[in-house]
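# Notes for the structure review
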Amino acid sequence: MTITEDRQTDAPEAEVGRSRRRKEDQRLITGRTRWTDNIQLPGMLHLAMVRSPFAHANITAIDTGEAKAAPGVIGVFTGADLKDTQGVNANAWPLNAEQKTPEHLPVAIEHVACAGEIVAVVVARTAAQARDAAELVDVDYDELSAVLDLREAVKDEVLTHPSLGTNTSAFWKLDSAEQGSGGDIEAAIAKAREDGIVIEREYRQQRLVPAFMEPRSTVVDPTGEQLVVWSATQIPHILRFLIAATMGIPESKLRVIAPDVGGGFGGKLQTTPEEFATIAVARRLGKPCKYTETRSESILSAHHGRDQIQKLTLAAEKDGRVTGLKVELLADLGAYVAIVGGGVPVLGAWMFNSIYKFDAYQFNCQTVLTNKTWVDAYRGAGRPEATYGIERLMDELAVEVGVDPLEIRAKNWITHDEFPFTTVAGMTYDSGNYEAATARAKELFGYDELRAEQRRRREANDPVQLGIGISTFTEMCGLAPSRVLGSLNYGAGGWESASIRMLATGKVEVVTGASAHGQGHETAWSQIVADRLGVPFEDIEVLHGDTQVSPRGMDTYGSRSLVVGAEAVIRAADKVIEKAKPIAAHMLEASVDDIEFSAGRFGVKGTDRGVTMPEVALETWTCHNLPEGIEPTIDADATFDPDTFSFPHGTHLCAMEVDTETGATKMRSYVAVDDIGNIVNPLIVEGQEHGGLVQGIAQALWEGAEYDDQGTLVTGSFVDYTLPTSADTISFVTDHTTSPSTTNTLGTKGVGEAGTIASTPAVVNAIVDAVRHLGVNDIVMPCTPERVWKAIQAGRPVSAEGEREAAPHFDEGAPNQADPDPSASAEGSRS
């Protein structure tokens, strides 16, 4: 033992707030990572899935004979073969007891409800042999009529699942008057029709494909005492629980490992049919088995996102002060109710009101089954849809009142001195400063200069017009509070767990229940613990993604890792310090009350004597001279369950040029100023923001999963599903304002979804702003040149199906303001 004296030096540079390169990147970019598909086990077999080409059919017969005789084939299994062992894909978030939830078998037995559904599994010695043999399985189908359109589906004339008797799965409502958080929405709308403004709009959220970098893959080893499952998943702990719960495998005999995972965006927040089928086959054969999907399979059968119709009614006074908002959603679930699919659109219930002070509010959501791939969480999960709706409406309100879109927002948003603020939806925002974020964004964007340029182009009748789009947003993230989730009928808690192990050599192991798939947990957690325990960043190892190593956790989604998972890490670190204090006091022959800890050193108040954390760790390990009654460990565990969410916000400004002769659009500039509380690693934050921006912009401009009238996905490859590349985007300007969260120790808020949530309406608002004087007030996403051109030619929006709606009337004297519809009231009601 070495007791230090007179060794006072300058404190090391704080790690939190430092732009460190990610620890993970060295192995990731040099090919030394371990994706699930890289795993090789002795005697391992390979699987291929036989999938239905039809959107809706009954299976009448399956002939596997030719496939079984193919080279290298070990076996072919149908749903009937696996009936008692394949488990079931569970829905963990039924909205209510009345919800209609069709049984979702991993391998269909009699009925398929969407194209791509698995009907048989081929097992062979190589992946190529399995795929070749899958082509030889002969399946007879009795094709049924498919329902693909949401409005048609609610008529129940064609049923996705005839056995259910309906396509409507669940209805869910939030009403401010009923819950006491605001007034009556119908009264607010009626009053606005008499002496104010009513804006009625319908917006379409198209279907999207998560398109993660690494296709899904599963490896199962049934040969040991435990069944070991490797999976490219966001949720190893939840997957373990659901395998045990639905397949009859004791949880203690089940180990799930999420090795390096190449992205997820919510697309791997799922228990998949392929995982269950691989487990069932591996157990049946007693051999290790692997399944890795092709990219086409991923686009077809991995769950999709968004896909809803929004009918919105906004009430306001004549001067533009908002008084009421009514939301009516039709949300497409696809063929099945996925793990949290039914609840995803409901997450928008608390966000449609956004940062604005409405007096009355009502949110209605009807979830609907159709013969398409099932829908579940995709980056933002309910929040982007809500933000898009309200931010498009705020632009429409500004036009109606005749003021700048920023002015109408400032008139209605919560001011910085009003926090904490309880919204009309009943959610309490703890902190924020929308004025500061907007002022900084305007400055970086050159807002006034661009508005002046826009006016010059209008006056010159320039064929290339300039539009300015705005998105002032907030989101609820840190998906967590278990009591709140329980009240919503969610099937799990929202806590997170962490452990810190102090090794005898002074090194530190941090075990976290959050499961990273590109977020930078290993780096950020190391920075946090380095500051907390005063040990070098390089001496900290972060362990995650393995239920044997990290037995407790709720995994990673909903921007919860930092605000929930890292808080658990901090609390475990604080417990380490408290457990170490009596040992340090004993070493220093001092009272525990006289011990203080700072920068990794336990010192005696008023003296220069002290010992370091590594010295205490070694003393604990040797256990030669510990105080009576002290156990020989300073390791600590912590579990954190927050009381509420965190609420990042920001102002995003976008300038788009639109060629009115061709419909082509070009991004001129994009500025994003986000308030995500205190920042742990600015470099990681910048990466998250840029990635999120591209995904949100892509929804506005390029992406969309499209089906033909038979239910065939016609955007089944990256030839037709148009993902952007770096060549398609510009350099974004990002900055931050800071209003620390009051709900966690570090004052942090989430960042993983902010860019995606804010950017889509900013881009669409900019495009519409560029051509509004030509009679356009909406363009259905994605805003392709064809759709933009058609909208300009018609002077009215063009739907996703190419149908044109009645053109509105415009006052030539007010080129950016809609003239009242003849049927509107004299007081200014609009639709």
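Residues numbered from 1 in each chain as written. Predicted model: local features only at pLDDT ≥ 70, side-chain atom pairs only at ≥ 80, totals over all residues. Heavy atoms only, no water.

## Side note on the nonpolar core
Core analysis: the largest hydrophobic core is formed by 91 residues, its most contacted members being Leu314, Trp350, Phe363, Tyr670 and Val763. No other element matches the eight residues that helix α19 (residues 754-771) contributes to this core. Discounting chain neighbours no more than four positions away, the residues touching Phe363 are Trp172, Lys173, Leu174, Val327, Leu329, Pro345, Val346, Gly348, Ala349 and Phe352. Within the second largest apolar cluster, 47 residues are counted, among which are Val529, Ala573, Ala617 and Ala638. (Core = buried A, V, L, I, M, F, W, Y, C linked by side-chain atoms within 4.5 Å. Buried < 20%, exposed > 50% of the residue type's maximum accessible area, 1.4 Å probe, protein only. Helix = DSSP H or I, 4+ residues; strand = E, 2+ residues; numbered from the N terminus. Contact = heavy atoms within 4.5 Å.)

## Digging into the environment of Val751
Structurally, the position occupied by Val751 is in the loop between β28 (733-736) and α19. A relative accessible area of 14% places Val751 in the buried class. Along the backbone, Val751 and Asp674 are 77 residues apart, and their C-alpha atoms lie at a distance of 8.7 Å. In this structure, Val751 is in contact with Ser559, Ile676, Val685, Gln688 and Glu689, ignoring residues within four places of it in sequence.

## Topic: the sheet that holds strand β22 (residues 595-598)
Sheet architecture is open: three strands sit in the order β22-β23-β24, paired in antiparallel fashion. A single partner strand is all that each edge strand has here, and the edge strands are β22 and β24 (610-612). Strand-to-strand twist across the sheet, computed as the mean angle between neighbouring axes with direction ignored, equals 20 degrees. As defined by bridge partners, β22 adjoins strand β23 (residues 601-604) across four bridges and the pair is classed as antiparallel. By the bridge assignment for β23, Ser598 is matched with Arg601. In this fold helix α16 (residues 561-588) packs onto β22, β23 and β24, with an angle of close to 50 degrees to the strand it touches most, β23. Helix-sheet contacts for helix α17 (residues 613-622) involve β22, β23 and β24, and the interaxial angle to β24 is about 80 degrees. (Pairing = 2+ DSSP bridges. Axes fitted to C-alpha atoms, helices over the stretch in contact; angles between N-to-C directions.)

## So, unusual backbone geometry
Here Phe419 and Pro420 are connected by a cis peptide whose omega angle stands at -5 degrees. Tracing the chain through its elements places Pro420 in the loop between α11 (405-412) and β16 (421-422). In this structure, the amide linkage connecting Met781 to the following residue, Pro782, adopts the cis form with an omega of -5 degrees. Among the structural elements, Pro782 can be located in the loop between α19 and α20 (785-794). Backbone geometry at Ser354 places phi at a positive 55 degrees, although glycine is not the residue there. One non-glycine residue with positive phi stands out, namely Asn489, at about 75 degrees. Here Asn489 shows up in the loop between α14 (482-487) and β19 (496-502).

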